[in-house]
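What the coordinates show
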Amino acid sequence: MAAPCRKMASRSFSQLLCYFSRTAVGSGACRRFSVTSIDRATPRASTAADRATSPWSLMAAVCLQRLPVITADCSPIEQRFKQMLQQMELEKSMLSDHELRLMEDAERMSRRQADDYDSDEDLGDQEIMMTQDLEDSWEQRLKNFQPAPRVRADIDEDLTSVQRCLADSLVLLAEQQVGAEKLWLLPQAAWQEGETLRQTAERALNSVTAAGVKATFLGNAPCGVYKYKLPKAARTENSVGVKVFFFKAILADGTPGSAPTASLLWLKKGELQKYLKPAYMMNVGRFILNL
Amino acid sequence: MNHIFRKLQVTFPQQASILNQSLCRATPSIQHPVWCTAAINERQYRDMPTHGIGRWRHLLLKQAPKKKKDRNQQKELVSATDTAYGTLNVTVSGYDMTVVEHYSQYIHNFCNRLNIKVAESYALPTKSTEVLLMQEQGNKTYVDAVLKTHRRVVQLSSLNASLCPVFMDVILKNQPEGVQLSVQEHTEADYQTRFKARPELEGLVAQINH
């Protein structure tokens with residue numbers, strides 16, 4: 001374990017410029033994201049004397065998350081509380097400019113309709129557009145606006161679509177060959193000499209997804225580790241087991257449109273249990289936030 | 001009942017003291033209650049053994065007098081090390097002021113909870129954007145709406161690299177709608193943009209230089 005840790009500690013960390021925005025859902029399913037990394041120092045090669053041979057081989061995995069695009073629906077209590085607060089705010093609030101103008105116009109109309117109306121009293125120039133007409137035109141424009149549907153049941157069912165369940169955050173899962181069997185797990189790759197663990201995780205992501213996918217890694221430090229021993233038959237002097245380090249990444253607003261390979265799934269945290277092995281799930285569940 | 005007890009208390013020092021002066025001074029107190037003895041300016045009990053019993057300010061260490069100019073000085077920029085980021089600016093911006101302010105307060109409280117040192121928390125000036133729409137009949141544009149962009153900045157003095165992914169993940173997952181989040185390094189130029197331009201001063205400086 002000596003080599004990679006020392007390398008990570010000695011390198012100066014890259015500076016990140018991240019810009020995240022959460023605006024109304026347009027055509028894209030992801031938040032707008034742009035990242036510029038300012039400084040990345042080149043890795044210092046470790047001498048052969050530094051490395052102690054360890055029976056654990058290293059891998060890095062990426063926990064790619066797609067953040068929620070729309071707000072989650074409120075529970076019944078939350079809805080009632082929200083309504084109550086809105087009512088309270090309405091009652092405490094003062095009249096806005098628009099409402100004051102409406103009242104003035106109504107008063108002016110009633111004065112004009114009165115019997116003892118004197119046209120000289122009417123000071124100020126007549127507005128071409130009455131405030132009520134303005135309000136009516138606004139109402140009309142609102143009716144013409146059709147928002148996109150929030151929940152689309154058919155897309156929600158499709159586990160491979162990145163646009164499912166817009167109100168929850170999804171995690172990417174890939175089916176990879178581990179040893180003799182194919183397992184569902186977070187995309188991982190073996191660590192190679194001369195690269196950081198984060199670069200390994202980036203390589204893992206690129207190997208599993210299509211080319212157009214852009215992801216922002218949240219930091220150079222891993223967020224979790226999972227170690228497992230190889231089955232007794234496969235154990236040798238030099239390899240007892242594997243340690244997998246997890247890195248968190250957020251899906252940027254790239255077009256994930258180019259068809260992903262069939263062995264990818266986008267799952268909510270609650271659905272992960274059906275696909276992951278129990279020990280792995282326990283470990284991974286600790287750093288995936290269910291917010 | 002009370003004044004009887006007070007008389008008893010007063011007579012003890014009377015018996016213990018030897019000086020006649022104290023006797024003379026003590027005697028008026030027997031007739032009158034202790035709390036309305038004499039004028040406030042007159043220090044009556046300077047020779048009493050309990051004189052100055054409540055004094056505590058002389059026990060404190062001498063504090064340097066506070067300079068009033070300290071408030072607006074710029075805090076030092078922390079530079080990045082191998083294991084921590086330097087001074088970072090977390091900027092929250094949006095059109096709805098209550099949401100923007102509440103989100104920046106949430107970030108500040110979250111930093112406090114994770115023991116991340118918050119250097120400063122300030123607001124940048126609001127920018128107003130006028131939305132002009134073309135009229136349906138004719139070429140004139142009319143003012144449709146005025147949108148105000150509010151910005152709040154939470155400045156972190158240093159962020160541990162191992163804590164960074166956790167911090168960013170939680171903040172992103174709790175980001176409200178209509179709010180933009182931006183995390184950048186703090187530079188000298190950022191600090192200077194907070195000040196208002198002073199045209200007269202710049203004019204005078206230009207005159208001096210020419």
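Thresholds, definitions, all that
Residues numbered from 1 in each chain as written. Chains lettered and ligands numbered in written order. Predicted model: local features only at pLDDT ≥ 70, side-chain atom pairs only at ≥ 80, totals over all residues. Heavy atoms only, no water. UniProt positions renumbered as here; feature names shortened; annotations may be inferred. Patch = residues over 30% accessible without salt bridge, like charges linked within 9 Å, V, L, I, M, F, W, Y side chains within 5 Å. Areas by Shrake-Rupley, 256 points an atom, 1.4 Å probe, with all protein chains shown as cover. Salt bridge = Lys/Arg side-chain N within 4 Å of Asp/Glu carboxyl O. Helix = DSSP H or I, 4+ residues; strand = E, 2+ residues; numbered from the N terminus. Axes fitted to C-alpha atoms, helices over the stretch in contact; angles between N-to-C directions. Parallel < 35°, antiparallel > 145°, perpendicular 65-115°, else oblique. Contact = heavy atoms within 4.5 Å. Nonpolar A, V, L, I, M, F, W, Y, C, P; charged D, E, K, R; others polar.

As named in an unreviewed UniProt entry, chain B is Large ribosomal subunit protein mL48, taken from Poecilia mexicana. Database annotation for chain B, UniProt heading Subcellular location (unreviewed entry): "Mitochondrion". Listed under Sequence similarities (unreviewed entry) in UniProt, the entry text for chain B is "Belongs to the mitochondrion-specific ribosomal protein mL48 family."

In the nomenclature of an unreviewed UniProt entry, chain A is known as Large ribosomal subunit protein mL46 of Poecilia mexicana. UniProt annotates chain A under Subcellular location (unreviewed entry) with the comment "Mitochondrion". Looking at chain A in UniProt, the text filed under Sequence similarities (unreviewed entry) is "Belongs to the mitochondrion-specific ribosomal protein mL46 family."

Considerations on a nonpolar patch on the surface
There is a patch of nonpolar side chains on the surface, built from Phe81, Met84, Leu85 and Met88 of chain A and spanning about 370 Å² of accessible area. Structurally, Met84 of chain A can be placed in helix H2 (residues 76-92).

Focus: the UniProt feature "domain: Small ribosomal subunit protein uS10" (unreviewed entry) in chain B
Mapped onto the present numbering, the UniProt feature "domain: Small ribosomal subunit protein uS10" (unreviewed entry) falls at residues 89-184 of chain B. Structurally, residues 89-184 of chain B is divided into 28% helix and 49% strand, and its ends, taken at the C-alpha atoms, are 5 Å apart.

So, the pattern of salt bridges
Counting across every chain of the model gives 11 salt bridges over all chains. Asp168 of chain A is paired through a salt bridge with Lys268 of chain A; the nearest N and O atoms lie 3.5 Å apart. On the criterion of sequence distance, the pair formed by Asp168 of chain A in the loop between helix H5 (153-157) and strand S4 (170-178) and Lys268 of chain A in the loop between strand S10 (264-267) and helix H7 (278-285) is long-range, its members being 100 residues apart. In this structure, Asp169 of chain B engages Lys173 of chain B in a salt bridge whose closest nitrogen and oxygen atoms are separated by 3.8 Å. Taken together, the residues Asp169 of chain B and Lys173 of chain B, both in helix H4 (residues 164-173) and 4 residues apart, mark about one turn of the helix.

Points about the environment of Lys62 of chain B
Position of Lys62 of chain B among the secondary structure elements: in the loop between helix H2 (20-31) and strand S1 (84-85). A C-alpha to C-alpha distance of 41 Å links Lys62 of chain B and Thr91 of chain B, two positions 29 residues apart in sequence.

A look at the packing of helix H3 (residues 97-113) of chain A against helix H4 (residues 131-144) of chain A
Residues and elements named next belong to chain A. Running from amino to carboxyl end, H3 crosses H4 at an angle of 130°, the nearest separation of the two axes being 9 Å. Our classification of the angle between H3 and H4 gives oblique. On H4, the residues that touch His98, Arg101, Leu102 and Asp105 of H3 are Thr131, Gln132, Glu135 and Trp138. Here the contact of H3 with H4 is built from residues that sort into 2 nonpolar, 3 polar and 3 charged.

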